[in-house]
Amino acid sequence: MTAYIIRRVLYSIPILLGVNILTFVLFFVVNSPDDMARMHLGMKRVTPQAVESWKQERGYDQPLLFNTSVPGFAKLTHTIFFQKSLKLFQFEFGSSDSGRDIGYDISQRMWPSLAIAVPVLLVGLLVNISFALLIAFFRATYIDFWSVVLCVVMMSISGLFYIIGGQYLVSKLLHLVPISGYDTGLNAAKFLVLPVIIGVIGGIGAGTRWYRTLFLEEINKDYVRTARAKGLSERVVLFRHVLKNALIPILTGVVVVLPLLFMGSLITESFFGIPGLGSYTIDAINSQDFAIVRAMVFLGSVLYILGLLLTDISYTMVDPRVRLS
Amino acid sequence: MPQFVVLWTDALILLLVVLALGFARYAAGRPHLRGPWRRVVRSRVGMGTLVVLGFYLVVGLLDSVHFYPPASDDDISGQSAPGEVMSLFDSLVPELRMRRETTYSAPLATHLYAKETIELGDGTATRGFARLKFGGAHLTDPAVEKTGDLIRLSLSGLLKGVAFSLVVGNLILMFLAVRAGNSFGTQAKHVLSGRTEVPWRVVLSTLGLMFVLIFWSAELASKYHLLGTDKVGEDVFYQSLKSIRTGLVIGTLTTLVMLPVAVLLGIMAGYFRGWVDDVIQYVYTTLNSIPGVLLIAAAILMLQIYMSNHENEFNSLVERADLRLLFLCIILGITSWTGLCRLLRGEALKLREMEYVQAATAFGVGHLRIIVRHILPNVLHIVLIAVVLDFSGLVLAEAVLSYVNIGVDPTMDSWGNMINSARLEMAREPVVWWSLAAAMLFMFTLVLCANLFSDVVRDAFDPRLRDSR
C-alpha cells in the first residue's frame, strides 16, 4: 500500500511539471511580458520606459529560459521560468500584478469557499441519494418515469437561472436573506443559506438521475434476488443491501472532487459576493491579473491530482476485490 | 449580386453537414449502425425532439450563410452601413433587424419602459413614456386599440399556422400513403391511431405545434416587439433567434474540432499499448488535471491580448467575433476530448484481443489497415454517443463562460451574453425581465430536447443499458 502511494505520488510529479510548462508557454511564450505590460498600461502611447519599469516591478524583466548576463548556476535561476513557474512547486505564488501576496490571499479566501462548497456537497449528497432511492423503490412505474423526466427538465435549466431566479425571488421579493455579501463567524450563516440551497437544487437533476442508474444496476444483481427470495422486505433489501453496495461508486465519485472544494464555485461566489477563491479567480480574469490566474491553474491541478490519488486509495479501502498493480 | 463571405465557422458547419450526410449514407448500408437508428426513429420522444431540434437547425443553418448585401441606396437594406455582413436569416426577417427603438421596452409594448422628456409639437416638453418608433406604431390610440389588435393578430396568426400545418400534414400523409400503397383514408387512420412503425402522429403534431407557434409569433412580431427590446433598443426576439447559431456552433463544432485528435490518440493508445499508450495517457492526464474553466480563461485572455495587438488583421467586427468563437470551440475541445479518448482507449484495448483482429494480424495485415477496417467501425457508436451527449452540456457551458467574460465576443448574439446583461437589468427598478426570460426559454427548449434526444440515442446504441431496464 505504501509503495503504491509513493509510486502514485512520484507519477504525479511529471504531470505537474507538464502543467507547469504548459502554463509557462501559455503565459510567457505565446504572449511576451511586453504584450502584458502594454495591455495593462493601455494600448496607445506607451513609452518603452513605462513598459520596462512595469516589467521590472513585477520581475518580468528577466530572460525566459536562459540568462547570459549572470555567471554560473544563476544562468538558470535568474529566469522567468525558474522564478515564476518552478517556484510554484514550493507553493510560493509570489505577488499578484497589483502587488498583493497571492499565497496570503489564497489562505484567507479558501474558508468562505469551503463554507459554501462543503454544505452543498453534503446536503446535496443526502438529498440526491434519498430521491434516487425513492425513485428506485417505485421503479418501472409512472412515478419513476415522471421523476426521470423532471430530472432531465431540471438538468436542462442553466445554473445561472437558478441563481438569478433564486436571488430575485428570495432576496428581492421576499426579503428573507440579503442578496449578496459576507460576514465573519456565525453571522455568515444568513449569507450562506441561499447559495447553499441554490447549489443543492441546481445539482438535484443530474445527481438524482445518476444515482438512480447506480441503484437500478445494483437492484438487478443476483444477491438482491437472493435477498428477496429469503423473504426480506423491500425496505430491508433497499437499505441494507442495495444502498450499501451502491454507496461504493457514489462515495468514490465524491472523493475525487473533495480537494477541488477548496477552489470554490466561480459563478455562485461572484453572484453572491462571497470572498472565496472562486470570486478571486473571476476578479483576476476580469482585471487580467495573470499572476493570480497562473497560481490558480497550478493550485487547481495539484488538487485535482490529489483527488485522483485519494480516489484510487479509497477504491482499495472500500472494495477489497480491487487489487493494486 | 450579393458577395458571399465564408467565415471560419460557416465553413466548418458546412463540413459538419457534409460529414453528417456522408455518415448517414455510410450507416444506411450497415445493419449494425442502421439498427440502433431505426430504434431512435421508432421512439416517440426521439422523433418529437428531433422535429424541434430540426427547427433550431434550420435557423442556425440559415444564419450561417453570410454575404455583403448588394449596395443599393433606395431600398431598406441600404440603411445598413456598407460593409456590414448579413446572413441569409437576416435577409428573411429584415423588419426584426431594422426596427430599433431607443432603449428598453416591455414585450408587446407600445411605449418605452422608462420615462423621458418628450418634446411636444408646440415647443413645450413633458415627462412621460414616449411612444415606440415601431412597436405598435400602426395604432392611433394604443390604450384603446391594443388589446383588440393583439387578439386580432393572434387569431390570424394561429389560423394561418393551423392552415399551413394542415396542408403540410396532408402532404406528408399523402406521401406516406403512396409509399405504403394504402389509400389516403386508411393511412390517415393508421397514423392518427398511432399504429405506424415510425410515430408519425407525434411527428405531425409536433410539426403542427411548431408551425402554429412560428406563424403566431411572426404575425405579432411584424407589428410589435414580441419579446421587448434591450438596452440599446434591439429586438430581443431577434437576438434570441440569432443566438441559436452561436449555441449550435459551440455545441457541435467543439466536438467536431476535438474528434480527430480524440479518436486517433484513443485508438492508438489502446491498439499499440506500450510506450505509445504511456505518452498519450500522460498527455491527457496533464491536460485533464488543469481545471477546465481556468484553462479556458487563460487561453481567452491570451487571445484577447493577441487580438488587441493585431487589430488590423481583421477586416470586420463579425470576422473578429467569429474567430473568437472558433477559438473558444477549440479551447473547449481541448478541455473535453480527454473523456472520449479514455473511452476509446479502453474499447481499443478490448477490440485488439478479438479473434478477427488477431486473425488479421496473423494474415499480415498492416496496422493502419487493421485500425481503419476493424477497430474504427466498431468504435463509431461510442463516438456518436459522445457527440450527442456533449452537445447540451456545451450549450450550457457557453452561457456560463460568457457570463465570466471568457465566452464568445461581447458583440456576438448569444444566450450567455443576454443573461450576462440581464444581471444588471434584474437589479433595476422596475425589473427588466424579458431578456433573461427569452434567453432562458430558447436555451431551455434546445437543451431539453437535446437531453431527451441523447437519452434515446444512448439507449438505442448501448445494449447493456437497454437490458437492465
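Residues numbered from 1 in each chain as written. Chains lettered and ligands numbered in written order. Predicted model: local features only at pLDDT ≥ 70, side-chain atom pairs only at ≥ 80, totals over all residues. Heavy atoms only, no water.

**Student:** What is the right way to look at the overall build of chain B in this model?
**Tutor:** In terms of helices and strands, chain B carries 17 helices and five strands. Each principal axis of the C-alpha distribution contributes one length, and for chain B these read about 95 × 70 × 45 Å. Here chain B, with 469 residues, has 49% of them falling under the buried criterion. Split by element, the accessible area of chain B, about 22500 Å² in all, is 66% carbon and sulfur. Separation of charge centres in chain B, based on 40 positive and 39 negative side chains, amounts to 12 Å. (Helix = DSSP H or I, 4+ residues; strand = E, 2+ residues; numbered from the N terminus. Buried < 20%, exposed > 50% of the residue type's maximum accessible area, 1.4 Å probe, protein only. Areas by Shrake-Rupley, 256 points an atom, 1.4 Å probe, with all protein chains shown as cover. Lys, Arg positive; Asp, Glu negative; His and termini not counted. Charge placed at Lys NZ, Arg CZ, Asp CG, Glu CD.)

**Student:** Would you explain the overall build of chain A in this entry?
**Tutor:** A tally of helices and strands in chain A yields 14 helices and zero strands. Along its sequence from the N terminus, chain A presents helices and strands in the succession α-α-α-α-α-α-α-α-α-α-α-α-α-α. Rg of the C-alpha trace for chain A: 25 Å, well past the compact-globule value of 20 Å for 325 residues, more than 25% over. Across its three principal axes, chain A shows a C-alpha extent of roughly 85 × 60 × 35 Å. In chain A, which comprises 325 residues, the proportion classed as buried is 46%. Intrachain contacts of chain A at a sequence separation of at least 6 include 69% that bridge at least 24 residues. Separation between the mean location of the 27 positive side-chain charges and that of the 20 negative ones in chain A comes to 8 Å. (Rg over C-alpha atoms; globule rule 2.2 N^0.38 Å. Contact = heavy atoms within 4.5 Å.)

**Student:** How do you make sense of the nonpolar core when you look at a structure like this?
**Tutor:** Across soluble globular proteins, you tend to see nonpolar side chains buried next to one another. Residues M296(A), W415(B), I419(B) and M443(B) are the most contacted members of the largest nonpolar core, which totals 187 residues. Take this core: its biggest share by element is 18 residues, from helix α14 (residues 367-403) of chain B. The two domains that each donate at least three residues to this core are domain 1 (139-221) and domain 2 (238-467) of chain B. In terms of nonpolar packing, the next biggest core, distinct from the first, is built from 23 residues, L133(A), Y211(A), V224(A) and V242(A) among them. (Core = buried A, V, L, I, M, F, W, Y, C linked by side-chain atoms within 4.5 Å. Domains from an automatic or database assignment.)

**Student:** Just to check I follow, could you spell out the environment of A399(B) for this structure?
**Tutor:** Residue and element names in this part refer to chain B. When you line up the elements, A399 lands in helix α14. On the accessibility criterion, A399 (0% relative accessible area) is buried. Sequence-wise, A399 and M440 are 41 residues apart; in three dimensions their C-alpha atoms are separated by 10.0 Å.

**Student:** Got a minute to help me understand the side chain of Q239(B) in this structure?
**Tutor:** Residue and element names in this part refer to chain B. For Q239, the position within the fold is in helix α9 (residues 236-272). The exposure class of Q239 is buried, given its relative accessible area of 8%. The residues contacting Q239, other than those within four sequence positions of it, are D230, E234, D413 and M418.

**Student:** Would you take a moment to explain the sheet that holds strand β2 (residues 66-68) of chain B for this structure?
**Tutor:** Whether parallel or antiparallel, the strands of a sheet pair through hydrogen bonds between backbone atoms. All names here are of chain B. With antiparallel pairing, three strands are arranged side by side in an open sheet as β1-β2-β3. Only two strands of the sheet have a single neighbouring strand rather than two, namely β1 (3-5) and β3 (86-87). Relative to β3, β2 is paired through two bridges, and the arrangement is antiparallel. In the sheet register, H66 faces β3, and the bridge partner there is S87. (Pairing = 2+ DSSP bridges.)

**Student:** Looking at this model, I keep getting lost on the interface of chain A and chain B. Mind explaining?
**Tutor:** You'll often see interface size given as the accessible area lost when the parts meet. Listed per partner, the contact involves 45 residues of chain A and 47 residues of chain B. For the pairing of chain A and chain B, the buried interface totals around 4200 Å² over both sides, and the portion due to carbon and sulfur atoms is 72%. Scanning the region where chain A abuts chain B turns up one salt bridge. Of all elements in the fold, only α1 (2-29), α2 (33-41), α7 (142-156), α8 (159-173), α9 (189-219), α12 (266-272), α13 (277-286) and α14 (290-318) of chain A reach the threshold of two or more residues within the side of chain A that touches chain B. (Buried area = accessible area lost by both parts, 1.4 Å probe. Salt bridge = Lys/Arg side-chain N within 4 Å of Asp/Glu carboxyl O.)

**Student:** Teacher, can you tell me more about a positive patch on the surface here?
**Tutor:** Taken together, the side chains of K230(A), R235(A), R240(A) and K244(A) make up a positively charged region of the molecular surface. Locating R235(A) in the fold gives a position in helix α11 (residues 234-255). (Patch = residues over 30% accessible without salt bridge, like charges linked within 9 Å, V, L, I, M, F, W, Y side chains within 5 Å.)

**Student:** For this particular structure, what's the right way to read the packing of aromatic side chains?
**Tutor:** Centre distance and the angle of the planes are the two values used to describe a pair of aromatic rings. Residue and element names in this part refer to chain B. Within the structure shown, the criterion is met by eleven aromatic pairs over all chains. One aromatic cluster in this structure is built from F55, F164, F211 and F215. Sitting above the plane of the Y271 ring, R352 keeps its charged end 5.8 Å from the centroid. (Phe/Tyr/Trp six-rings, centres within 6.5 Å; stacked < 30°, edge-to-face > 60°. Lys NZ or Arg CZ within 6 Å of the ring centre and 35° of its normal.)

**Student:** Explain a nonpolar patch on the surface here, please?
**Tutor:** Residues and elements named next belong to chain A. Side chains of L17, I21, V25, V29, V30 and F89 sit close together on the surface and give an oily, nonpolar patch of about 460 Å² of accessible area. Relative to the assigned elements, V25 resides in helix α1. Judged by relative accessible area, which is 36%, V25 ranks as partly exposed.

**Student:** Teacher, can you tell me more about α14(B) here?
**Tutor:** Helical geometry: 3.6 residues make up each α-helical turn, so side chains three or four residues apart lie on a common side. With 37 residues, α14(B) should cover 54 Å at 1.5 Å per step; its first-to-last C-alpha distance of 47 Å lies more than 12% under that length. The largest bend in α14(B) comes to about 50°, at L376(B), with the proline P377(B) one to four residues further on. (Expected span 1.5 Å × (residues − 1). Bend = angle between axes of the 7 residues up to and from the residue.)

**Student:** In this structure, what is going on with the domain arrangement of chain B? I would like to understand it.
**Tutor:** Considered domain by domain, chain B is made up of domain 1 (139-221) and domain 2 (238-467). For domain 1 of chain B versus domain 2 of chain B, the separation of C-alpha centres amounts to 36 Å.

**Student:** Quick question: what am I supposed to make of α9(B) here?
**Tutor:** Residues and elements named next belong to chain B. The terminal C-alpha atoms of α9, which comprises 37 residues, lie 54 Å apart, in line with the 54 Å expected from a rise of 1.5 Å per residue. Bending of α9 peaks at approximately 40° at the position of L259, with proline P260 no more than four residues after it. Burial analysis of α9 places 29 of its 37 residues in the buried class, the great majority of the element. Two to three positions downstream of the cap, the backbone nitrogen of F237 sits 2.9 Å from a side-chain oxygen, assigning the N-cap of α9 to D235. Following α9 by one or two positions, R273 adopts a phi angle in the positive range, close to 50°. (Polar contact = N/O pair within 3.5 Å; in protein donor to acceptor, adjacent residues only side chain to side chain.)

**Student:** Looking at this structure, how should I read the pattern of salt bridges?
**Tutor:** Going through the model one piece at a time under the given rule, you end up with 18 salt bridges over all chains. With a closest N to O distance of 3.3 Å, E234(A) and R139(A) form a salt bridge. On the criterion of sequence distance, the pair formed by E234(A) in helix α11 and R139(A) in the loop between α6 (102-137) and α7 is long-range, its members being 95 residues apart. Given a relative accessible area of 25%, R139(A) falls into the partly exposed group. A salt bridge links K242(B) to D90(B); the shortest N-O distance between them is 3.2 Å.

**Student:** How should I be thinking about the environment of V232(B) in this particular structure?
**Tutor:** Residues and elements named next belong to chain B. Structurally, V232 can be placed in the loop between α8 (200-223) and α9. Separated by 136 residues in sequence, V232 and L96 have C-alpha atoms that sit 14 Å apart. Sequence-distant contacts of V232, defined by excluding residues within four places in its chain, comprise R100, E101, T102 and T103.

**Student:** Could you clarify how one ought to interpret the packing of α9(B) against helix α12 (residues 317-351) of chain B in this entry?
**Tutor:** In a packed pair of helices, the relevant descriptors are the angle between the two axes and the axis-to-axis distance. Residues and elements named next belong to chain B. Where α9 contacts α12, the two axes come as close as 5 Å, and the packing angle between them is 35°. Crossing geometry of α9 relative to α12 is assigned as right-handed. Tallied by class, the residues present in the contact of α9 with α12 amount to 24 nonpolar, six polar and three charged. (Axes fitted to C-alpha atoms, helices over the stretch in contact; angles between N-to-C directions. Left-handed = near helix turned anticlockwise from the far one by under 90°. Nonpolar A, V, L, I, M, F, W, Y, C, P; charged D, E, K, R; others polar.)

**Student:** Which parts of the structure should I look at to understand the packing of α12(B) against α14(B)?
**Tutor:** Residues and elements named next belong to chain B. In contact at an axis separation of 10 Å, α12 and α14 are set at 150° when each is read in the N-to-C sense. Classified by the angle their axes make, α12 and α14 are roughly antiparallel. As for how α12 packs across α14, the hand of that crossing is right-handed. Along its contact with α12, which presents L328, L332, L340, L343, L344, E347, A348 and L351, the element α14 presents I375, N378, V379, I382, V383, A386, L394 and L401. Looking at the contact of α12 with α14 residue by residue, the class counts come to 14 nonpolar, one polar and one charged. (Parallel < 35°, antiparallel > 145°, perpendicular 65-115°, else oblique.)

**Student:** I'm lost on the confidence of the model for chain A in this one. Help?
**Tutor:** The predicted structure's coordinates, where accompanied by low pLDDT, should not be read in detail. For chain A, per-residue confidence averages 82 on the pLDDT scale, and residues scoring 70 or more make up 93% of the total. Mean pLDDT in chain A bottoms out at helix α4 (residues 74-77) of chain A, which sits at 67, and peaks at α7(A), which reaches 91. (pLDDT = per-residue confidence, 0-100.)

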